[in-house]
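# Chain and residue survey
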Amino acid sequence: MVESWVYKVSRRLLAYPMAWAWRRLNLQTIFIGVTGSAGKTTTKDLCQTVLSRFGSCISNSGTDNDRIHVAALVLRTRRQDRYCVVELSGGEPGAMDLRLRLSRPQIGVLTTIGRDHYSAFKSVEGIADEKAKLIRGLPSSGVAVLNIDDPLVKRIGEASRCRKVWVGWAQDATVRLTNVSSRWPAPLTLQVEYDGSSYTVVTGLHGEHQSLAVISTLGVAVAAGVDFEDAIAALANAVPAEGRMQVVAHEDGVVFVRDDWKSPHWSIDLPLRFIKNAEARRKIIVIGTVSDSSLGPSKRYPKIAQQARQVADQVLLVGTQAAKALDALNELRDETIRAFPEVRDAAEYLDTILQPGDIVLLKGTNLQDHLARLELNRHIDIGCWRMDCRLNDFCGHCSRLRQVVRS
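What comes next concerns the included structure.

### Re the nonpolar core
Within the largest apolar cluster, 42 residues are counted, with the highest numbers of intra-cluster contacts made by I32, L51 and L190. Per-element accounting of this core gives the leading share, ten residues, to helix α8 (residues 211-224). Ignoring any residue separated from it by four or fewer positions in sequence, one finds L190 in contact with L177, N179, V180, Y199, T200, V201, S211, V214 and I215. Counting residues in each nonpolar core, the second largest holds 37 residues, with L88, L110, L138 and L146 among its members.

Structural data, given as structure tokens:
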């Protein structure tokens, strides 16, 4: 047992110097770093989908963006790999440093700056400074792909000396959005302008806010010098990352939209807008843990519930935090807004009301809520309904899902 532990620790520690050395020897592969407060994983996945059309391309698996996974990705890269797309997380001061030393991106993507991890940085400017390390660290021959519509991102880009590909709605964007449409069941479709021509971009995604990941990916295509029209064609095959506006349609006619990986308060408007525009028999929104808010639970959740009720027929608050809002919810005297301390209780309630043609948005934080069980419960006998397992894997991949696990 001790020998096994020592081996694992030694292997982990050796991964960093080995990855550092291998990256400096591997000059053939183009490394692309992706960071930002939102859209990292979707942008990374879309980049891999597009760039794979032009050569071998590897990337992180799922949300494996901590330093040991970055090191492992660098070590997996071979000279015959034309591209390597690295998702880079900066959840605390200094978090980006080792990741950047290991991966040394030649192309850097900065999507947006929000309030994620605000408690660790104490200011939005601190968050921006950490993520700016990706752009500052690019070589003079590198290319920065930047969201021109985000003032903090724009400021970071303007201070950079490398080549820049601006993406967004602004008139002087390199890849410019002119129209976005996402009205369920129709997919996300964009109108963009690039190099004096207009293009229609049809994707396999849903939600207007996913357009930032799409145009960031097209910006990477420009930075990498690949054919723009071929890049657009590749996006038709794009699928959402798990738990990020992921559509799951059931045979009984009920559709779940899983946006349950994380839920910072500043981003809550975006999926609600999708539900507002959706065409469905009934619209139901399930809200789990909402993070990075200046409001306490007793004020936060009633406010979000009322906001969601404006676009949905029913709103369900789920989890331990939701229970703290019960008194305030009772004062609303609105039976279409309900609170369930346990996910299992919410699942049992949904079983009694869901009908063909309903669309259900799951919006929460996977680590605290595991709201995926509400969708899985429609076709799997679930044994584990724990609210305190603290595992950050999605429940569908967990070996304990069908086991009866006591809290």
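### Overview of the side chain of S263
Tracing the backbone through its elements, the reader meets S263 in the loop between β11 (255-259) and α10 (269-277). S263 has contacts with I268, T289, V290, S291, K363, G364 and T365, leaving out every residue within four places of it along the chain.

### Concerning unusual backbone geometry
With an omega dihedral of 15°, the bond running from W184 to P185 counts as a cis peptide bond. Within the element layout of this structure, P185 appears in the loop between β7 (175-181) and β8 (189-194). Its identity is not glycine, yet R104 carries a phi of approximately 45°, on the positive side. By the element assignment, R104 lies in the loop between α4 (95-103) and β4 (107-110). For R104, a relative accessible area of 39% gives the class partly exposed. Its identity as a non-glycine residue notwithstanding, D195 has a phi of 50°, on the positive side. For D195, the position within the fold is in the loop between β8 and β9 (197-202).

### Overview of the environment of A308
Mapped onto the fold, A308 is located in helix α11 (residues 297-309). For A308, a relative accessible area of 0% puts it in the buried group. Counting along the chain gives 41 residues from A308 to S267, while the straight-line C-alpha distance between them is 13 Å. Setting aside anything within four residues of it in sequence, one finds A308 in contact with L272, I285 and V315.

### Comments concerning the packing of aromatic side chains
Applying the stated criterion across every chain yields a total of four aromatic pairs. Here the aromatic rings of F340 and Y349 are separated by 5.5 Å at their centres, their planes lie at 35°, and the arrangement is tilted. For the residue pair F340 and Y349, the accessibility class agrees, reading buried in each case. An aromatic cluster of at least three residues, connected via ring pairs, comprises Y194, Y199 and F228.

### With respect to α11
Helix length check: α11, at 13 residues, gives a terminal C-alpha distance of 18 Å against a target of 18 Å (1.5 Å per residue), a fit within 8%. Taken as a whole, α11 has its buried residues at R300, Y301, P302, I304, A305 and A308.

### Let's talk about the pairing of strand β13 (residues 314-318)
Counting buried positions over the five residues of β13 gives five, a clear majority of the element. Burial along β13 is two-sided: the face carrying Q314, L316 and V318 and the face carrying V315 and L317 are both buried. With four bridges connecting them, strand β12 (residues 282-287) and β13 associate as parallel partners. When the bridges of β13 are listed, I287 appears paired with L317.

### Considering the sheet that holds strand β5 (residues 143-147)
Across the sheet, nine strands lie side by side as β2-β3-β1-β4-β5-β6-β7-β8-β9; this open sheet has mixed pairing. Since the sheet does not close on itself, it has two edges, and those belong to β2 (57-59) and β9, each with one partner. Shown here is a sheet whose adjacent strand axes are inclined to one another by a mean of 20°, direction ignored. Bridge count for strand β1 (residues 30-35) against β4 is four bridges, and the pairing is parallel. Within the sheet, the bridge partner assigned to V34 lies in β4 and is V109. Sheet contacts for helix α2 (residues 40-51): β1, β2, β3 (83-87) and β4; angle to β3, the most-contacted strand, approximately 170°. Across the sheet, helix α9 (residues 228-235) is in contact with β7, β8 and β9; its angle to β9 comes to roughly 20°.

### Quick notes on the pairing of β3
Among the five residues that make up β3, five are buried, leaving the element largely enclosed by the rest of the structure. Across five bridges, β1 lies against β3 in parallel orientation. Bridge assignment links F31 to a residue of β3, and that residue is C84. Pairing of β2 with β3, which is carried by three bridges, proceeds in the parallel orientation. From the neighbouring strand, I58 faces β3, where its bridge partner is C84.

### A look at the pattern of salt bridges
If you walk through the whole model with that rule in mind, you get 15 salt bridges. Between R258 and E242 there is a salt bridge; the shortest N-O distance is 3.2 Å. One end of the pair, R258, is in strand β11; the other, E242, is in the loop between α9 and β10 (246-249), and 16 residues separate them in sequence. Accessibility expressed as a relative area gives 5% for R258, which makes it buried. Judged by relative accessible area, which is 25%, E242 ranks as partly exposed.

What counts, and where the lines are drawn
Residues numbered from 1 in each chain as written. Predicted model: local features only at pLDDT ≥ 70, side-chain atom pairs only at ≥ 80, totals over all residues. Heavy atoms only, no water. Core = buried A, V, L, I, M, F, W, Y, C linked by side-chain atoms within 4.5 Å. Buried < 20%, exposed > 50% of the residue type's maximum accessible area, 1.4 Å probe, protein only. Helix = DSSP H or I, 4+ residues; strand = E, 2+ residues; numbered from the N terminus. Contact = heavy atoms within 4.5 Å. Phe/Tyr/Trp six-rings, centres within 6.5 Å; stacked < 30°, edge-to-face > 60°. Expected span 1.5 Å × (residues − 1). Pairing = 2+ DSSP bridges. Axes fitted to C-alpha atoms, helices over the stretch in contact; angles between N-to-C directions. Salt bridge = Lys/Arg side-chain N within 4 Å of Asp/Glu carboxyl O.

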